[in-house]
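Fold and geometry: a report
So you can see what is in the structure, the chains are spelled out below.
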Amino acid sequence: MKLDAYLKFIFTSSPDVALHDLVYTFFHPILRDEDNYKQSLPPSLSIESSARLLDDKILDSNRKIKISLQYKNNALYVMIMHCKNLAISDGTYPDPYVKTYLLPDPQRLTKRKTKVARKTINPTYNQMLIYELTLEDVRNRQLLCGVWDCGKLRENHQLGRVMIDLSAIQAAEQTVTQWYPLKVGNSTPSLS
């Protein structure tokens, strides 16, 4: 009972607490792994009592992806950490994954993908994608990150994307980590 009360306190706290990175890291993977998200919550943590986390207004305007970038040892390290507030389509939770390219890339040689997170709008990946390129080559590229819903009986569809300019990346031990807003739309940038 004390744990239920503590979790309820966290999820119904101010957005600074309820939506903090640590909450995503530790609690969303646990909920994501449950077969039925809504039924897995105890009554004190029902979707209705945690409405702030699943508020449709937040979902529509606050889709984000957290990415960490670092250039070291002649490679660009892209850590895909979390996504939050992804869209719910057809009343079902998506099975999201992240697909990346370094543009321009007409032959699609820089395509990388994360694992698929099952039935969640707040996936945690903590997955490293590595591009072995010179610093000069990296600085002449843009990182395209697309979040996709893995369709089993239908075509995969894009939940959002972000284009990150890499021209200012530094060859140092410095890591740049931040949340990027996801753009939603039907058009996909050209890979060339």
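Refer to the structure presented above.
Below is a summary of the structure that appears in this document.

What counts as what
- Residues numbered from 1 in each chain as written.
- Predicted model: local features only at pLDDT ≥ 70, side-chain atom pairs only at ≥ 80, totals over all residues.
- Heavy atoms only, no water.
- Helix = DSSP H or I, 4+ residues; strand = E, 2+ residues; numbered from the N terminus.
- Buried < 20%, exposed > 50% of the residue type's maximum accessible area, 1.4 Å probe, protein only.
- Contact = heavy atoms within 4.5 Å.
- Areas by Shrake-Rupley, 256 points an atom, 1.4 Å probe, with all protein chains shown as cover.
- Polar contact = N/O pair within 3.5 Å; in protein donor to acceptor, adjacent residues only side chain to side chain.
- Pairing = 2+ DSSP bridges.
- Salt bridge = Lys/Arg side-chain N within 4 Å of Asp/Glu carboxyl O.
- Phe/Tyr/Trp six-rings, centres within 6.5 Å; stacked < 30°, edge-to-face > 60°.
- Lys NZ or Arg CZ within 6 Å of the ring centre and 35° of its normal.
- Axes fitted to C-alpha atoms, helices over the stretch in contact; angles between N-to-C directions.

**Re the overall build of the chain**
Looking only at helices and strands, the chain features seven helices and eight strands. Counting only residues that meet the buried cut, the chain has 47% of its 192 residues in that class. Taking the contacts inside the chain whose residues are at least 6 apart along the sequence as the reference set, 66% of them involve residues at least 24 apart. Surface exposure of the chain reaches about 10,600 Å², of which carbon and sulfur atoms provide 52%.

**Describing the environment of Y71**
Within the fold, Y71 resides in strand β1 (residues 64-72). In the structure, Y71 is positioned 60 residues away from Y131 in sequence and 9.4 Å away in space, judged by C-alpha atoms. Discounting chain neighbours no more than four positions away, the residues touching Y71 are L76, L133, T134, L135, V138, I169, Q170, A171 and A172. In terms of polar contacts, Y71 uses its side chain to reach the backbone carbonyl oxygen of L133, at 2.7 Å. A polar contact of 3.0 Å, which involves the side chain of Y71, links it to the backbone nitrogen of L135.

**Quick notes on the sheet that holds strand β7 (residues 157-165)**
Strand order in this open sheet of four strands is β4-β3-β6-β7, and the pairing throughout is antiparallel. Taken across any chain shown, the strands that pair with only one partner, and hence form the sheet edges, are β4 (112-113) and β7.

**With respect to unusual backbone geometry**
Both trends apply: most residues other than glycine have a negative phi, and most peptide bonds are in trans. A cis amide bond links L103 to the next residue, P104, at an omega of 5 degrees. Of note, R108 is a non-glycine position whose phi angle comes to about 60 degrees, a positive value. Secondary-structure assignment places R108 in the loop between β3 (96-103) and β4.

**Considering the pattern of salt bridges**
Evaluated as defined, the whole model comprises two salt bridges. In this structure, D95 and R118 form a salt bridge, with 3.5 Å as the shortest nitrogen-oxygen distance. Here the residue D95 occupies a position in the loop between β2 (75-84) and β3, and R118 occupies one in the loop between β4 and β5 (124-131), the gap between them amounting to 23 residues. Given the relative accessible area of 7%, D95 is considered buried. In this structure, the salt-bridge partner of D137 is R141, at a minimum N-O distance of 3.3 Å. Relative accessible area serves as the criterion here: at 25%, D137 is assigned to the partly exposed category.

**Section: the environment of K8**
Relative to the helices and strands, K8 resides in helix α1 (residues 2-11). Spatially, the C-alpha atom of K8 lies 9.8 Å from that of A18, the residues being 10 residues apart in sequence.

**Re the packing of aromatic side chains**
This structure, assessed with the given rule, holds zero aromatic pairs. Stacked on the ring of W179, the Lys or Arg K84 has its end atom at 4.4 Å from the ring centre. When the ring centre of W148 is taken as origin, the NZ or CZ atom of K99, which lies over that ring, is 4.5 Å away.

**Brief notes about the sheet that holds β1**
In spatial order, the strands read β5-β2-β1-β8; together these four strands make up an open sheet with antiparallel pairing. With partners counted over all chains shown, the strands left at the sheet margins are β5 and β8 (176-181), one partner each. Neighbour-to-neighbour, the strand axes of the sheet open up by a mean angle of 20 degrees, direction not taken into account. Alignment of β1 against β8, held across six bridges, turns out to be antiparallel. The partner of L69 across the bridge, within β8, is V176.

**Some points on the environment of I88**
The residue I88 is located in the loop between β2 and β3 in this model. Along the sequence, I88 and I121 sit 33 residues apart, while their C-alpha atoms lie 7.1 Å from each other.

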